[in-house]
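Chain and residue survey
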Amino acid sequence: MKKSSELYNRAKKVMVGGVCAGGRYNQVKEGPTILDHAEGSKVYDVDGKEYIDFHCGSGGILFGWKNPQIEEAIRKGVDRGFFMNFDTEDTVEMAELFTKLVPTAEKIRLTNSGTEATLAAIRIARAYTGKNLIIKMDGHFHGMHEMIWFNDKYGMDIDEYGETREVVPEIKGFPKGAEDNVRLIEFNNIEAVKHVFAKYRGDIAAIIMEPVSYDLGCMPSTKEYMQEVRKLCDKEGILLIYDEVITGLRFRPGSAQMYYDVKPDLSTFAKAVANGFSLAVIAGRAEVMDMCNPLGPVVISGTSTGNLLSVLAAKECLKMASEPGFYDDIEKKEKLLEEGVNDLFRKHGIPGHIRTQGAQFGLYFGYEDPQLDYRLHDTVTHFAPEMYPKFVREALEEGLHFYCGGAQPFPHHCGFTSMHTEKDLTVALEKIDKVFAKLK
């Protein structure tokens, strides 16, 4: 029996489903990939198999596994006392680096995860505006909490105004009435924004969105849409919240908000900001952020918040993201991957394409027109959900680490790191060539 099978059997006796989180269970394997170690662009399982990694810690790893610059900083942190959940000089320096890199972040507050950050941002918005309702984009993911985890049928139940007909909790266990605090609209539909702003005028605290929705594969917006939403928010006195939990640091300095040339009132960051260490950031205009305690009435605190090791990791990530040429290298690799995968779709006659942005990508099986990526209804109508699990199963056999949480009506998000070399990507393309040949 393989060591991974033995460990999984043991885990099932003491861990729910044999995993520490539902997202560790890979549907195509009918179990988790149990890792032994990781370094650079690769992960290694307990059976000794090497994989080029395109899961990247659920999007948390941008600067590579066992990055030497981060490793050195963490070693020094261990010598200084490990945890240290009081602020240090490093905390101040990290905050200064962050606010310099993201100019709209006049002040920040740290927390531990993207879920905590979006929960706190929504509370701040309600406290600042004195209003209740939150407008959310259909299909966008902002964490696993009752404030915002609502989706309908992924773009299939939108009325003529672009608003979902019924707001439904994504999972069981939500308190009755939680859905009354949220309204969902179609992404990239400015008329839907105008409609709900007029329909619920006087009760909307904020509108929240992912600038690029990686949880829908790699669904971008347009600068025109983003800038028009900003104007409408200013006109109506509604706060604009950008969820940059995944996009954060993945774009040139300033992240997605600078790419779209929009200044949100609040933003949330996590994942790559500390290269997977437990650190998230709530950032925004000073007068809005001052709603946080001890200055204001919104309590945002936590035992592990801003712990030394996470802060030290974040400092190094921010430094690396500020280095000349960092994003040039990322974009060069994006182009290599995009052109290579699209060529393979055509070579094997498989309808599909890849969309890449910010070292993340989605594989859009089923259709070739990238213009269909902008509307969720279009994506789920044309996407071939049965193809991705087949792809992942064959890719794992070839030594490419992809994750599949099951067949869903849009792509999973995948990615690469700054430590993936051009050789890694060339080898990966050769392996994908073999996978596509089997899929065909």
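Residues numbered from 1 in each chain as written. Predicted model: local features only at pLDDT ≥ 70, side-chain atom pairs only at ≥ 80, totals over all residues. Heavy atoms only, no water.

**Topic: helix α4 (residues 89-101)**
The first and last C-alpha atoms of α4 sit 18 Å apart over 13 residues, in line with the 18 Å expected at 1.5 Å per residue. Among all positions of α4, only Asp90, Thr91, Met94, Phe98 and Leu101 are buried. The arc enclosing the buried residues of α4, seen along the axis, measures out at 100°, which places them on a common side. Turned more than 90 degrees away from the buried face of α4 sit Glu89, Glu96 and Lys100, all of them exposed. For α4, the elements touching its buried residues are α3 (68-80), β6 (107-111), β11 (266-269), β12 (280-284) and α10 (308-321). (Helix = DSSP H or I, 4+ residues; strand = E, 2+ residues; numbered from the N terminus. Expected span 1.5 Å × (residues − 1). Buried < 20%, exposed > 50% of the residue type's maximum accessible area, 1.4 Å probe, protein only. Arc of directions from axis to C-beta. Contact = heavy atoms within 4.5 Å.)

**Here we look at the sheet that holds strand β15 (residues 400-401)**
Taken together, the 4 strands give an open sheet; going across it, the order is β3-β4-β5-β15, and neighbouring strands pair in mixed fashion. Whereas interior strands pair on both sides, the edge strands pair on one side only; in this sheet they are β3 (35-39) and β15. Bridge count for β3 against strand β4 (residues 42-45) is 4 bridges, and the pairing is antiparallel. Residue pairing for β4: leucine 35 is matched across the bridge by aspartate 45. (Pairing = 2+ DSSP bridges.)

**Brief notes about helix α13 (residues 387-397)**
Each α-helix winds once per 3.6 residues, and so residues spaced three or four apart point in a common direction. Considered for burial, the residues of α13 that qualify are Met387, Tyr388, Pro389, Phe391, Val392, Ala395 and Leu396. Elements that come into contact with the buried residues of α13 comprise β1 (25-26), β5 (50-53), β14 (360-365), β15, β16 (414-415) and α14 (422-439). Glycine 399 occupies a position one or two residues after α13 and carries a positive phi of about 85°.

**Description of a nonpolar patch on the surface**
Together, Val78, Phe82 and Phe83 make up an exposed nonpolar region whose accessible area comes to about 260 Å². Considering the arrangement of structural elements, one finds phenylalanine 82 in the loop between α3 and α4. On the basis of relative accessibility, which here comes to 51%, the residue phenylalanine 82 falls in the exposed class. (Patch = residues over 30% accessible without salt bridge, like charges linked within 9 Å, V, L, I, M, F, W, Y side chains within 5 Å. Areas by Shrake-Rupley, 256 points an atom, 1.4 Å probe, with all protein chains shown as cover. Salt bridge = Lys/Arg side-chain N within 4 Å of Asp/Glu carboxyl O.)

**Notes on the pattern of salt bridges**
Going through the model one piece at a time under the given rule, you end up with 25 salt bridges. Glutamate 331 is the partner of arginine 252 in a salt bridge, and the nearest nitrogen-oxygen pair spans 2.9 Å. Of this pair, arginine 252 sits in the loop between β10 (239-244) and α8 (255-259) while glutamate 331 is found in helix α11 (residues 326-348), placing the two residues 79 residues apart along the sequence. Here glutamate 331 falls in the partly exposed class, since its relative accessible area comes to 35%. The shortest N-O distance in the salt bridge between arginine 355 and aspartate 373 comes to 2.8 Å. Here the residue arginine 355 occupies a position in strand β13 (residues 352-357), and aspartate 373 occupies one in the loop between β14 and α12 (376-382), the gap between them amounting to 18 residues.

**Overview of the packing of aromatic side chains**
The tally for this structure, following the rule as stated, stands at 19 aromatic pairs. On the basis of an interplanar angle of 85° and a centroid distance of 5.0 Å, the ring pair of phenylalanine 98 and phenylalanine 269 is categorised as edge-to-face. With a gap of 171 residues between them, phenylalanine 98 in helix α4 and phenylalanine 269 in strand β11 connect regions that are remote in the sequence. Considering the side-chain rings of phenylalanine 345 and phenylalanine 365, the 5.5 Å spacing of their centres and the 70° angle between planes classify their relative orientation as edge-to-face. Highlighted residues: phenylalanine 345 in helix α11 and phenylalanine 365 in strand β14, separated in sequence by 20 residues. Grouping residues by exposure puts phenylalanine 345 and phenylalanine 365 together as buried. Through successive ring pairs, a cluster of aromatic residues spans Phe54, Phe345, Phe361, Phe365, Tyr388, Phe391, Phe402 and Phe436. One Lys or Arg, lysine 223, reaches over the ring of tyrosine 259 and ends 5.2 Å from the middle of that ring. (Phe/Tyr/Trp six-rings, centres within 6.5 Å; stacked < 30°, edge-to-face > 60°. Lys NZ or Arg CZ within 6 Å of the ring centre and 35° of its normal.)

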